[in-house]
Amino acid sequence: MTIQEIKDSAEAFIAGKKSVILPLQQAWIGTHDKFWQGLRTPTILPQDGAELPTDQTLARYPMPSWFAFGLTLPSISPYSISCDEIVSHDCDDDCRQVSFSLATRFVYDDTLYAKWSNWCEESGWVDHPWDVQEPIE
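Quick caveat: nothing in here was measured; it's all calculated off a predicted structure. (Residues numbered from 1 in each chain as written. Predicted model: local features only at pLDDT ≥ 70, side-chain atom pairs only at ≥ 80, totals over all residues. Heavy atoms only, no water.)

(A) Examining the side chain of Thr 54 more closely. Mapped onto the secondary structure, Thr 54 falls in the loop between strand S2 (52-53) and helix H2 (66-69). From its side chain, Thr 54 meets the backbone oxygen of Pro 74 in a polar contact 2.5 Å long. With residues near it in sequence (within four places) discarded, Thr 54 still touches Thr 41, Pro 42, Leu 73, Pro 74, Ser 75, Ile 76, Ser 77 and Ile 81. (Helix = DSSP H or I, 4+ residues; strand = E, 2+ residues; numbered from the N terminus. Polar contact = N/O pair within 3.5 Å; in protein donor to acceptor, adjacent residues only side chain to side chain. Contact = heavy atoms within 4.5 Å.)

Below is the structure:
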């Protein structure tokens, strides 16, 4: 796969999961006071277009796995997939804003590429540009 094909696939994955994960997350936080978090899978970052198997049974204790939470992942992927909770504290207002992020990551020609799409109650979905981290020379 080319780098653009991987990026397009990752962006399509995130776009397709937004409407699925949001109601699941809203129900989860309502009873658990935090967002559900999905461990990165594949755990080893795919490199140069190689497709690695995902593990839908991975779970961040004590949370359910991807599958048990209600999310279906592709069986193989040229990028890793994760879901993380983001907590920001505003010291002036003593306010706590909690959001979550769907992220994809892969390595191509020794360069790390990462894409996040964050959801928060105030802004809804915010898609971030690709983050590119060049290798250290």
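(B) Quick look at the confidence of the model for the protein chain. Of all residues in the protein chain, 93% have pLDDT values of 70 or greater, and the mean over the chain is 91. Of all helices and strands in the protein chain, the one with the weakest mean pLDDT is strand S4 (residues 80-90) (84), whereas strand S3 (residues 76-77) scores best (98). (pLDDT = per-residue confidence, 0-100.)

(C) Examining the pattern of salt bridges more closely. The tally for this structure, following the rule as stated, stands at 2 salt bridges. For Lys 18, the salt bridge goes to Asp 127, with nearest N and O atoms at 2.9 Å. In this pair, Lys 18 sits in helix H1 (residues 3-32) while Asp 127 sits in strand S7 (residues 124-127), placing the two residues 109 residues apart along the sequence. Ionic pairing is found between Asp 84 and Arg 60, a salt bridge with its closest N-O pair at 3.4 Å. Of this pair, Asp 84 sits in strand S4 while Arg 60 sits in the loop between S2 and H2, placing them 24 residues apart in sequence. (Salt bridge = Lys/Arg side-chain N within 4 Å of Asp/Glu carboxyl O.)

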